[in-house]
Amino acid sequence: MANTVAVIGAGPAGATAAYVLAKKGIPVHLYEASPHVGGMARSIQMWGQTVDIGPHRFFSADPRVNKLWLEVIGDDYSMVDRLTRIFFCGKAYHYPLKMGNALRNLGLVEATRCLASYVRQQLTPRSAGSEDTFEGWVTARFGKRLYQHFFKTYTEKLWGIPADQLDSDFARQRIKRLSLWEAVRDAILGGGSERHRTLVDQFAYPNQGTGEVYRRMCAFVADNGGQVYLNTPIHSLVTSGNTVTGIRLPTGEVRSYDQVISSMPLTALVGRLTHVPPEVTQINRGLKFRNTLLVYLRVKGSDLFPDNWIYVHSPELLTGRITNFDNWVPSIKNGMPDTILAMEYWCFDEDDIWRWPERRCVALATSELIRTGLVPADHILDGAVIKVPRCYPVYRLGYRTQLAVVEDFLRGYQGLQVIGRGGAFKYNNQDHSILMGLLAAENIADGANHDLWSVNSDDEYQESSTITETGLVTVNTKVHSPRDR
């Protein structure tokens, strides 16, 4: 059992690790470089309302994660009906696809072409390596025309690279259980019993915004013998041989710890270690993150459109997603009459838009929102910008080989655990990050031996559960136990 633990990063993974350690009586110090807790899942106040950093819904099949989430939030949450659609060429398509809606929007001729493309693809033998890329994997299951309509443009906006250079891991994690046949079957039979996890029809949401969970976690740490340091970046990790013994602050102060849990971006973590082999440094530089630039627009009135968020596939628009906070829970509006929309743009550090002044970003988002036809021009009242660096680990083709080298290097350190979306270079949802934080804390407090690098979206559990309005409900029992972590 460790005497004192440092947790770096107060996002979902880091906040969870610190919270569980504090519950178990382990002294813990939580360090966050920004003024806020929650990371990308934080909530902020804007124009008198509460908004998130884009859409952040909570759902999980893991009873451990659901139990912990409910333990923190109590009954201070609501169930939200999900509606998300794809905006493409001036029309809105239900997501997941509903065949009647899709056929009407595509028209008879194009719908026939899409179906023919799908059938032709299913009759084409799959060659070795043809599904290694996102483009190849999706095309093999949907056909080329549906891929081009409903996958290609949005994916390339998000990742900033051609889809034939993106590893298929992203597709396997996000759309692995979808097929055109399932869409047709669900349209005819009214829906199947199995749904892809990210396509649930309802999700749980805290009444004060998604960041309330992590705010409460951090408050618990501070109230139970721990310390929470905001605006406190880490200069470097202190090591003795292959053991991490503490952290160094930008002031030069060294603080000793028995264990360090890091959720800072993986590339930054490697850069904060000394005596990194040149080949690891070179490979580490090849791992890239995508930034998010959010433009919030205050729009006159309410009931603008029914979606929680809209995926924007139209190639003539740079924005990739529009979140409508009017359609989450009434409490986050705080009685205000207007609607706040978030327009998301993604970029790399070197892209011009990342350096644009706020007024130029607001002008772009305003223009594009008007072009969608969702909002009249004279209803847009105000705008604000939030920039979030290093949000999405880019799964460029071949990244797994690069990541394995960095992973092996970090595994060589004692007293160090790496968690979270950025920390583990995994495209986690909230539930995966919470699980990582929980397991990291158990490794320290309970002497467990969870392999955190193996936590991903493919894990199966003996017993699955879901959160409903009345709390935790067991929904089924699986025959496979989770992998040894």
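Residues numbered from 1 in each chain as written. Predicted model: local features only at pLDDT ≥ 70, side-chain atom pairs only at ≥ 80, totals over all residues. Heavy atoms only, no water.

Engineer: Quick question: what am I supposed to make of the nonpolar core here?
Structural biologist: Where a protein is soluble and globular, its nonpolar side chains tend to be buried together. Judged by nonpolar contacts, the single largest core of 129 residues is most densely connected at L21, W69, L237, Y296 and L410. By size, the runner-up hydrophobic cluster in this structure holds 26 residues, among which are V312, Y345, W356 and V385. (Core = buried A, V, L, I, M, F, W, Y, C linked by side-chain atoms within 4.5 Å. Buried < 20%, exposed > 50% of the residue type's maximum accessible area, 1.4 Å probe, protein only.)

Engineer: Whenever I open this one, the side chain of Q49 confuses me. Can you help?
Structural biologist: Looking at the element boundaries, Q49 is found in strand β4 (residues 49–52). From its side chain, Q49 meets the backbone oxygen of D338 in a polar contact 2.9 Å long. Leave out the neighbours within four places in its chain, and Q49 touches I44, I332, K333, N334, M336, D338, T339 and I340. (Helix = DSSP H or I, 4+ residues; strand = E, 2+ residues; numbered from the N terminus. Polar contact = N/O pair within 3.5 Å; in protein donor to acceptor, adjacent residues only side chain to side chain. Contact = heavy atoms within 4.5 Å.)

Engineer: Whenever I open this one, the packing of helix α2 (residues 63–73) against helix α14 (residues 430–445) confuses me. Can you help?
Structural biologist: A pair of packed helices can be characterised by two numbers: the angle between their axes and the separation between those axes. Where α2 meets α14, the closest approach of the two axes is 10 Å, and the angle between their N-to-C directions is 90°. Viewed along their axes, α2 and α14 adopt a mutual orientation that is roughly perpendicular. For the pair α2 and α14, the contacting residues are R64, V65, L68 and W69 in the first and D431, I434, L435, L438 and L439 in the second. (Axes fitted to C-alpha atoms, helices over the stretch in contact; angles between N-to-C directions. Parallel < 35°, antiparallel > 145°, perpendicular 65-115°, else oblique.)

Engineer: Help me understand unusual backbone geometry, please; the structure alone is not making it clear to me.
Structural biologist: Both trends apply: most residues other than glycine have a negative phi, and most peptide bonds are in trans. The backbone phi angle of W47 is positive, close to 50°, even though this residue is not glycine. Inspection of the secondary structure puts W47 in the loop between β3 (43–46) and β4. Here W47 falls in the partly exposed class, since its relative accessible area comes to 23%. Not every positive phi belongs to a glycine, and N231 is a case in point at roughly 55°. Its place among the elements puts N231 in the loop between β9 (227–229) and β10 (236–240).

Engineer: Just checking my understanding: could you explain the environment of P162 for this structure?
Structural biologist: Relative to the elements of secondary structure, P162 occurs in the loop between α5 (144–159) and α6 (169–175). Accessibility expressed as a relative area gives 35% for P162, which makes it partly exposed. Once the C-alpha coordinates of P162 and R290 are considered, the two residues, 128 residues apart in sequence, prove to be 14 Å apart.

Engineer: Honestly, the packing of aromatic side chains in this entry has me stumped. Any pointers?
Structural biologist: Given two aromatic rings, one states the distance between the centres and the angle between the planes to describe the pair. Summed over the entire model, instances satisfying the criterion amount to 30 aromatic pairs. Aromatic pair F289 and F425: ring centres 5.1 Å apart, planes at 75°, arrangement edge-to-face. Remark: F425 occurs in the loop between α13 (421–424) and α14 and F289 occurs in strand β14 (residues 289–299); sequence separation between them is 136 residues. In this structure, R255 packs its charged tip against the face of Y229, placed 4.8 Å from the ring centre. (Phe/Tyr/Trp six-rings, centres within 6.5 Å; stacked < 30°, edge-to-face > 60°. Lys NZ or Arg CZ within 6 Å of the ring centre and 35° of its normal.)

Engineer: Got a minute to help me understand the state of the cysteines in this structure?
Structural biologist: Here, the word disulfide means a covalent bond between the sulfur atoms of two cysteines. Scanning the model with the defined rule gives zero disulfides in all. Of all cysteine sulfurs in the structure, the one in C114 sits closest to C89, which takes part in no disulfide; the separation is 12 Å. Under the relative-accessibility criterion, C89 is labelled exposed at 51%. (Disulfide = S-S within 2.5 Å.)

Engineer: Quick question: what am I supposed to make of the sheet that holds strand β12 (residues 254–256) here?
Structural biologist: What holds strands together in a sheet is hydrogen bonding between their backbones, with the strands either parallel or antiparallel. Judged by pairing direction, the sheet is antiparallel, and its three strands sit side by side in the order β10-β11-β12 without closing on themselves. In this open sheet, the two strands that pair with only one neighbour each are β10 and β12. Strand-to-strand, the axes of this sheet are offset by a mean angle of 40°, without reference to chain direction. Looking at chain direction, β10 and strand β11 (residues 243–248) are connected through five bridges and run antiparallel. (Pairing = 2+ DSSP bridges.)

Engineer: Before we go on, may I ask you to explain the side chain of D326 in this structure?
Structural biologist: Mapping D326 onto the fold places it in the loop between β16 (321–324) and β17 (339–347). Within the structure, D326 has its side chain in polar contact with the side chain of K333 (distance 2.7 Å). Residue contacts for D326: discarding those within four places in its chain leaves S302, D303, K333 and T339.

Engineer: Got a minute to help me understand the packing of helix α1 (residues 12–23) against α2 in this structure?
Structural biologist: Remark: α1 packs on α2, axes separated minimally by 13 Å, with the N-to-C direction vectors making an angle of 75°. As the angle between them shows, α1 and α2 are arranged roughly perpendicular. Across from T16, Y19, V20 and K23 in α1, the residues of α2 making contact are L68, E71 and V72. Tallied by class, residues from the contact of α1 with α2 come to four nonpolar, one polar and two charged. (Nonpolar A, V, L, I, M, F, W, Y, C, P; charged D, E, K, R; others polar.)

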